[in-house]
Amino acid sequence: KTVPQKGFFGHPKGLFTLFFTEFWERFSYYGMRAILIYFMYDTVANGGLGIDKTTATSIMSIYGSLVYMSGIIGGWVSDRILGTRRTVFWGGVLIMLGHIVLALPGGIGMLLGSMVLIILGTGLLKPNISSIVGDIYSKDDERRDSGFSIFVMGINLGSFAAPLLIGAVSSHYNYHAGFGIAAVGMAFGLIIFKVTEKKNLGDVGVEPTNPLNENEKVKIIKSGIISLIIFAIILAILAYFGYVTINNAVNFFTVIGLLAPIAVFIWMFTSKKTKKEEKSHLLAYIPLFIAAVMFWSIEEQGSTILARYADSRTDLSVGSFHIEPSWFQSLNPLFIILLAPLFAYLWVKLGKRQPSTAQKFSYGLLFAGLSFAIMIIPAILSDGKTLVSPWWLVASFFLVVIGELLVSPVGLSATTKLAPEAFAAQTMSLWFLSNTAAQAINAQLAKVFDKVSEVQYFSYLGGAALVLCIIMFLCSPWISRKMGTIK
Ligand code: LEU
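Residues numbered from 1 in each chain as written. Predicted model: local features only at pLDDT ≥ 70, side-chain atom pairs only at ≥ 80, totals over all residues. Heavy atoms only, no water.

### Digging into the overall build of the protein chain
Line of reasoning, step 1. Counting its regular elements, the protein chain contains 16 helices and four strands.
Line of reasoning, step 2. In summary, the protein chain has a C-alpha radius of gyration of 22 Å against a globular reference of 23 Å for 487 residues, a match within 12%.
Line of reasoning, step 3. Dimensions of the protein chain, computed from the C-alpha atoms along their principal axes, are close to 60 × 55 × 50 Å.
Line of reasoning, step 4. Residues classed as buried in the protein chain amount to 53% of the 487 residues present.
Line of reasoning, step 5. Across the protein chain, every contact between residues at least 6 apart in sequence was considered, and the portion connecting residues at least 24 apart equals 82%.
Line of reasoning, step 6. A total accessible area of about 21900 Å² is found for the protein chain, and carbon and sulfur atoms account for 71% of it.
Line of reasoning, step 7. Computing the positive centroid from 37 side-chain charges and the negative centroid from 27, the protein chain places the two 7 Å apart. (Helix = DSSP H or I, 4+ residues; strand = E, 2+ residues; numbered from the N terminus. Rg over C-alpha atoms; globule rule 2.2 N^0.38 Å. Buried < 20%, exposed > 50% of the residue type's maximum accessible area, 1.4 Å probe, protein only. Contact = heavy atoms within 4.5 Å. Areas by Shrake-Rupley, 256 points an atom, 1.4 Å probe, with all protein chains shown as cover. Lys, Arg positive; Asp, Glu negative; His and termini not counted. Charge placed at Lys NZ, Arg CZ, Asp CG, Glu CD.)

### Structural notes on unusual backbone geometry
Line of reasoning, step 1. Here the phi dihedral of Phe 9 falls at roughly 50°; this positive angle occurs in a residue that is not glycine.
Line of reasoning, step 2. In this structure Phe 9 comes out as exposed when scored by relative accessible area, which is 71%.

### Regarding the site of the ligand
Line of reasoning, step 1. Taken together, Arg 26, Tyr 30, Tyr 68, Lys 126, Ile 155, Trp 296, Phe 432 and Asn 435 make up all the residues around the ligand.
Line of reasoning, step 2. One of the side-chain nitrogen or oxygen atoms of Tyr 30 is found 3.0 Å away from an oxygen atom of the ligand.
Line of reasoning, step 3. Protein chains bury 89% of the 280 Å² of accessible surface belonging to the ligand in isolation.
Line of reasoning, step 4. Counting only elements with at least two residues in the shell around the ligand, the list comes to helix H1 (14-41) and helix H15 (427-449).
Line of reasoning, step 5. Split by residue class, the shell around the ligand holds five nonpolar, one polar and two charged. (Near = heavy atom within 4 Å. Polar contact = N/O pair within 3.5 Å; in protein donor to acceptor, adjacent residues only side chain to side chain. Nonpolar A, V, L, I, M, F, W, Y, C, P; charged D, E, K, R; others polar.)

### Let's talk about the side chain of Thr 21
Line of reasoning, step 1. When you line up the elements, Thr 21 lands in helix H1.
Line of reasoning, step 2. Those residues in contact with Thr 21 that lie beyond four places of it in its chain are Ile 129, Gly 189 and Phe 193.

### Thoughts on the packing of helix H12 (residues 357-373) against helix H16 (residues 454-483)
Line of reasoning, step 1. Their axes nearest at 7 Å, the elements H12 and H16 cross at an angle of 175°. With respect to each other, H12 and H16 are oriented roughly antiparallel.
Line of reasoning, step 2. Of the residues belonging to the contact of H12 with H16, the class tally is 18 nonpolar, six polar and no charged. (Axes fitted to C-alpha atoms, helices over the stretch in contact; angles between N-to-C directions. Parallel < 35°, antiparallel > 145°, perpendicular 65-115°, else oblique.)

### Section: H15
Line of reasoning, step 1. With 23 residues, H15 should cover 33 Å at 1.5 Å per step; its first-to-last C-alpha distance of 33 Å lies within 8% of that length.
Line of reasoning, step 2. Its axis deflected by about 30° at Ala 443, H15 carries its strongest bend there.
Line of reasoning, step 3. Along H15, 19 of the 23 residues are buried, which leaves the element largely enclosed by surrounding structure. (Expected span 1.5 Å × (residues − 1). Bend = angle between axes of the 7 residues up to and from the residue.)

### Overview of empty space enclosed by the protein
Line of reasoning, step 1. Evaluation of the coordinates by the stated rule reveals three cavities of 30 Å³ or more.
Line of reasoning, step 2. Approximately 40 Å³ is the volume attributed to the largest cavity.
Line of reasoning, step 3. Ile 298, Glu 299, Gly 302, Leu 306, Ser 371, Phe 372, Ser 396, Phe 397 and Val 400 together form the lining of the largest cavity.
Line of reasoning, step 4. For the lining of the largest cavity, the secondary structure elements donating two or more residues are helix H9 (276-300), H12 and helix H14 (391-418).
Line of reasoning, step 5. With three residues, the single largest contributor to the lining of the largest cavity is H14.
Line of reasoning, step 6. Residue composition of the lining of the largest cavity, grouped by class: five nonpolar, three polar and one charged. (1 Å grid on protein atoms, 1.4 Å probe; cavity = no way out; pocket = protein on both sides within 12 Å on 5 of 7 lines; lining within 4 Å. Points joined across faces, edges and corners; volume = space filled by probe spheres on them.)

### So, the side chain of Ser 61
Line of reasoning, step 1. Considering the arrangement of structural elements, one finds Ser 61 in helix H2 (residues 53-69).
Line of reasoning, step 2. What makes Ser 61 buried here is its relative accessible area of 1%.
Line of reasoning, step 3. Once residues lying within four places of it in the same chain are set aside, the contact partners of Ser 61 are Thr 304, Gln 439, Asn 442 and Ala 443.

### Digging into the packing of aromatic side chains
Line of reasoning, step 1. One pass over the full model with this rule turns up 32 aromatic pairs.
Line of reasoning, step 2. Their ring planes at 80° and their centres at 4.9 Å tell us that Trp 267 and Phe 423 sit as a pair that is edge-to-face. Taken together, the positions of Trp 267 in helix H8 (residues 246-270) and Phe 423 in the loop between H14 and H15 put the pair 156 residues apart, joining distant regions of the chain.
Line of reasoning, step 3. These aromatic residues form a ring-pair network of at least three members: Phe 8, Phe 9, Phe 16, Phe 19 and Phe 20.
Line of reasoning, step 4. Positioned over the ring face of Phe 89 is Lys 194, at 4.7 Å from the centre of the ring.
Line of reasoning, step 5. It is Lys 279 that lies over the ring of Phe 269; its NZ or CZ is 5.5 Å from the centre. (Phe/Tyr/Trp six-rings, centres within 6.5 Å; stacked < 30°, edge-to-face > 60°. Lys NZ or Arg CZ within 6 Å of the ring centre and 35° of its normal.)

### What to know about the nonpolar core
Line of reasoning, step 1. Among the nonpolar cores identified, the biggest contains 106 residues, and Leu 36, Met 40, Leu 288, Phe 361 and Phe 458 are the most heavily contacted of them.
Line of reasoning, step 2. Considering each element in turn, this core owes the most residues, 13 residues, to H14.
Line of reasoning, step 3. Apart from residues lying up to four places away in sequence, Leu 288 is in contact with Thr 357, Ala 358, Phe 361, Leu 418, Met 472, Ile 479 and Met 483.
Line of reasoning, step 4. By size, the runner-up hydrophobic cluster in this structure holds 23 residues, among which are Phe 8, Leu 15, Phe 89 and Leu 201. (Core = buried A, V, L, I, M, F, W, Y, C linked by side-chain atoms within 4.5 Å.)

### Concerning the confidence of the model for the protein chain
Parts of the model with low pLDDT should not have their predicted coordinates read in detail.
Line of reasoning, step 1. Per-residue confidence for the protein chain gives a mean pLDDT of 94, with 99% of residues at or over 70.
Line of reasoning, step 2. Confidence, expressed as mean pLDDT per element, reaches its minimum in the protein chain at strand E1 (residues 7-8) with 82 and its maximum at H2 with 98.
Line of reasoning, step 3. With pTM at 0.95, the complex prediction returns an ipTM value of 0.97. (pLDDT = per-residue confidence, 0-100.)

Here is the structure:
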């Protein structure tokens, strides 16, 4: 494979293309998410859909769950049919179309259509663009880790800018204008990708690694069509008897979101291609995965439960200045951008003395737990009624980001090392499945949130994270042993 080896801050030029494509993709995704929950539960008179808050919160979570679950499809399509490059491109096209649908005036049907497009599009784009980052470096290139750090900066710069801009536009004009900007952002990403890919990426990811042969193609098309027909018939029957409701769909996808990682584990563990030593690695991966699910559950509630908190429980006027509730979504990426270099420095500084992967996960849960525990204080002080200072949310986002820096990059790198070699194409998707399961759980927690008091909610979940933090810490020697030589 040939990639121009320099030209972007001492990194391969391809990183430029990947950086800006992912910048704009995340810009569109998080910009959309920053206003989507408000769009769903705002009144029709205000330009919203008038969905009740609990349902809107569940939809946000189940949507997020499916967005990361579809990475399995993306991994498969690139591996067997299109290659990573074309999969990224077509994913971007679907995402852009998804945002365009929301930019047009319309009701819940348009929302569902947009969700389908963005779920599929992100599944095609996100895991594949991340794999290409790995592919532009040779195996022993020392710039690889720092290449990923630069890429993550791109992710977070996009995620930081979008809520500010799209939040302001949607409140000054209307929600559809906000979604329109998300569409334009993805269009920019696609243009950059198309214009620069040949020059900067050479032939990396052009061909599928493991293409289907003619026989397999026919088989897949046949079974695909048959499954679609069966699915459509079942759906039609269920709809006829009135079972196709939002709540049932949420429950159904919660189960799927939890079963998906279990199925993938079993598939990997029982596969003939998985070597004995790799099975031990997979066992070590299970507690890490469970900890990651707990972590993402709290982290992802930043755009659901805490977004609602920003809207209805926070005092948003500073003198005559009005803070948009959607702007709180910029805090997570902002803190990542500010703190990531600090953590990079810390790991270099500590060298061999740094905590093990499992210990880092345990600390990550500690901070996630604290980010919810701290919300107990304003809940008590305000009696759950009077508006609280926005600084509580700032503090909560700050704490969860410390956890994120201990879990997210570490988890991704552990996944790439612990997943069996034969499943390379599914490695990224395996890691994203921890987020899938977390948001599947969140779709149910949304219902709990509206039944219990704030103090109860934040102490249950914060407490659960802290308990798991301790268990992880105690298990960490076992996990390290099972990981063998992998660090
Ligand atoms: N903020 C991260 C991203 O957008 C979350 C992901 C790793 C689930 O890349």
